[in-house]
Amino acid sequence: MGGGEDRNGSGGGGRPTSKDVARRAGVSHTAVSFVFNGRAEGNLSPATQERIRTAAAELGYRPDPVARGLRRRRTAVIGLVTDEIASSPFAGRLLRGAMETAWDQDHLVLTIDSGGDPAKEDAAVAELLDRRVDGIIYAAMSLRRVRVPEGLHRTHSVLANCLPEDDSLPAVVPAERAGGRTAARLLLDAGHRRIAMVGGQDDIASVERLRGFRDALRAAGVTLPKEWVVRSGGEIVAGYEGAARLLDGVAPRQRPTGVFCYNDRVAAGVLHAATRLGIAVPEELSVIGYDDQEHMAAFLTPPLTSVGLPHRAMGEAAARLLLDTIDTGRTPPATVRRLACPVVSRSSVGPAPTR
């Protein structure tokens, strides 16, 4: 772009510079700077702008982000601090969403995994601030209220998949209550009226999913017996044990015909229990999971219908909100944006049995 970018000089077979582009396009160096600084409109004709962009493409020229950052007092880098990138099956989706959104706006993402250690989180934020990142996304891999790491209030910051304990920062989270309603309606629309829920504990996601589940049943005039809400945890064994409590030794007309599971691991346990008990899915029992867990939901028998968590969309939305804040310099209100949890339909949900 400007003269400060041409660190490698022109010609000589090195990295092409804005001066090389100007020579190839037959324009001034200032004209090239206008195009890559976003100041071309009103200063250059569309034909000249196109000629400069064509020359840049032919030469493989890219503006120097370091020089541009120095000129704008920005680094074109945002930080992302999270607790479980190395171990969570969902982290890759969120990270990809954030990285690709940032890349589309000429930013890189510098990522640090704290392992959930508060001291490491504080140190990670301090390190990112020392590197003068333009802003920071703080992400958790399970929805919960979090202590805001020290230093996040010293820069533009957005939370993803978590809520600040002090309600001090904007956050992007899944619409868990709406997801629970969606799951219940899917079973209701298939004709089920004897519906249970298995799995979960007292975390935010469990509470919100059950609340939405109850909302939809209540609206349809369907009673949810207390004993048909089995809060058994979040693992496969929890699903197996919960399903056994609901189904083992119970006559077909007295047992649920549909089960909404806290997550896909619980659903896998329910499917396993149904197989052991000789209950056909979905002919006798419909099962719906939550998370749409990669490498799992689609490979169960039968393939699992699941309410998907919008991890990629959360990464995209958090990065977009952060970059807009950086661009405008205006701090957004500490509001919570909830993203829809879409249903991924497979083979584990069918019509309610008539007998």
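Owing to the predicted nature of the structure, the values given are computational and were not obtained by experimental measurement.

**Some points on the sheet that holds strand 11 (residues 286-291)**
Taken in spatial order, the 6 strands of this open sheet run 9-8-10-11-12-14, and their pairing is mixed. The sheet terminates laterally at strand 9 (229-230) and strand 14 (343-344), the two strands that pair on one side only. Taken together, the 2 bridges between strand 8 (residues 195-198) and strand 9 define a ladder with parallel strand orientation. Looking at the pairing, V198 lines up with V230 of strand 9. Strand contacts of helix 9 (residues 236-247): strand 8 and strand 9, with the helix running at about 145° to strand 8, the strand carrying the most contacts.

**Details of the packing of aromatic side chains**
Tallied over the full model, the rule gives 3 aromatic pairs. Ring geometry for F36 versus Y61: centroids 5.3 Å apart, planes at 70°, classification edge-to-face. Taken together, the positions of F36 in helix 2 (residues 29-36) and Y61 in the loop between helix 3 (46-59) and helix 4 (65-72) put the pair 25 residues apart, joining distant regions of the chain. Assigned by exposure class, F36 and Y61 land together as buried. Seen from their ring centres, F260 and Y290 are 6.1 Å apart, and the 50° between their planes marks the pair as tilted. You can see F260 sitting in strand 10 (residues 258-261) and its partner Y290 sitting in strand 11, a full 30 residues away along the chain.

**Quick look at the layout of surface pockets**
Computed from the structure, the largest pocket encloses a volume of approximately 370 Å³. As for the largest pocket, its lining consists of 21 residues, and the residues nearest its centre are F90, M141, S142, Y262 and R265. Tallied by class, residues from the lining of the largest pocket come to 7 nonpolar, 6 polar and 8 charged.

**Describing the nonpolar core**
Across soluble globular proteins, you tend to see nonpolar side chains buried next to one another. Counting 43 residues, the largest nonpolar core has F213, L217, F260, V270, L285 and V287 as its most contacted members. Counting residues per element, the ones that place at least two in this core are helix 7 (176-189), strand 8, helix 8 (204-219), strand 9, helix 9, strand 10, helix 10 (264-276) and strand 11. No other element matches helix 10, which puts 7 residues into this core. Of all hydrophobic cores here, the second largest spans 22 residues; its members include L80, I137, M141 and M314.

**Remarks on the pairing of strand 7 (residues 171-174)**
As paired strands, strand 5 (residues 156-160) and strand 7 are joined by 2 bridges and run parallel to one another. Bridge pairing in strand 7 links L159 to A171. For strand 7 and strand 13 (residues 336-339), the ladder comprises 4 bridges, and the chain directions are parallel. For V173, the partnering residue across the bridge sits in strand 13 and is R338.

**Points about the pattern of salt bridges**
The full count for this structure, using the stated rule, is 19 salt bridges. Two residues, R346 and D292, come together in a salt bridge whose shortest N-O distance is 2.8 Å. Here the residue R346 occupies a position in the segment after strand 14, and D292 occupies one in the loop between strand 11 and strand 12 (305-308), the gap between them amounting to 54 residues. A residue is classified by how much of its surface remains accessible, and R346, at 26% relative accessible area, is partly exposed.

**Observations regarding the sheet that holds strand 1 (residues 77-82)**
Across the sheet, which stays open at both edges, the 6 strands sit in the order 2-1-3-5-7-13 with parallel pairing between neighbours. With one partner strand each, in any of the chains shown, strand 2 (108-113) and strand 13 form the two edges of the open sheet. For this sheet the average axis-to-axis angle between neighbouring strands, irrespective of direction, equals 20°. Each of strand 1, strand 2, strand 3 (135-139) and strand 5 touches helix 5 (residues 91-104); the most contacted strand, strand 2, lies at about 155° to it.

**Looking at the side chain of N161**
Along the chain, N161 turns up in the loop between strand 5 and strand 6 (163-164). Looking at N161, the relative accessible area reads 3%, which means it is buried. A distance of 2.9 Å separates the side chain of N161 from the backbone oxygen of A140, its partner in a polar contact. Those residues in contact with N161, other than ones at most four positions away along the chain, are A140, M141, S142, L143, R144, V172, V173, P174, H311 and M314.

**Here we look at the pairing of strand 1**
Among the 6 residues that make up strand 1, 5 are buried, leaving the element largely enclosed by the rest of the structure. Bridging between strand 1 and strand 2 involves 6 bridges; their strand directions are parallel. Residue pairing across strands places I78 opposite V109, the latter belonging to strand 2.

**Details of the packing of helix 9 against helix 10**
It is at 6 Å that the axes of helix 9 and helix 10 come closest, and there the two elements cross at 45°. Judged on the interaxial angle alone, helix 10 and helix 9 are oblique. Classified by chirality, the crossing of helix 10 by helix 9 is right-handed. When helix 9 is examined against helix 10, the residues I236, G239, Y240, A243 and A244 are found in contact with a partner set consisting of R265, V266, A268, G269, V270, H272, A273 and R276. Class assignment for the residues of the contact of helix 9 with helix 10 results in 8 nonpolar, 3 polar and 2 charged.

Cut-offs and rules
- Residues numbered from 1 in each chain as written.
- Predicted model: local features only at pLDDT ≥ 70, side-chain atom pairs only at ≥ 80, totals over all residues.
- Heavy atoms only, no water.
- Pairing = 2+ DSSP bridges.
- Helix = DSSP H or I, 4+ residues; strand = E, 2+ residues; numbered from the N terminus.
- Contact = heavy atoms within 4.5 Å.
- Axes fitted to C-alpha atoms, helices over the stretch in contact; angles between N-to-C directions.
- Phe/Tyr/Trp six-rings, centres within 6.5 Å; stacked < 30°, edge-to-face > 60°.
- Buried < 20%, exposed > 50% of the residue type's maximum accessible area, 1.4 Å probe, protein only.
- 1 Å grid on protein atoms, 1.4 Å probe; cavity = no way out; pocket = protein on both sides within 12 Å on 5 of 7 lines; lining within 4 Å.
- Points joined across faces, edges and corners; volume = space filled by probe spheres on them.
- Nonpolar A, V, L, I, M, F, W, Y, C, P; charged D, E, K, R; others polar.
- Core = buried A, V, L, I, M, F, W, Y, C linked by side-chain atoms within 4.5 Å.
- Salt bridge = Lys/Arg side-chain N within 4 Å of Asp/Glu carboxyl O.
- Polar contact = N/O pair within 3.5 Å; in protein donor to acceptor, adjacent residues only side chain to side chain.
- Parallel < 35°, antiparallel > 145°, perpendicular 65-115°, else oblique.
- Left-handed = near helix turned anticlockwise from the far one by under 90°.

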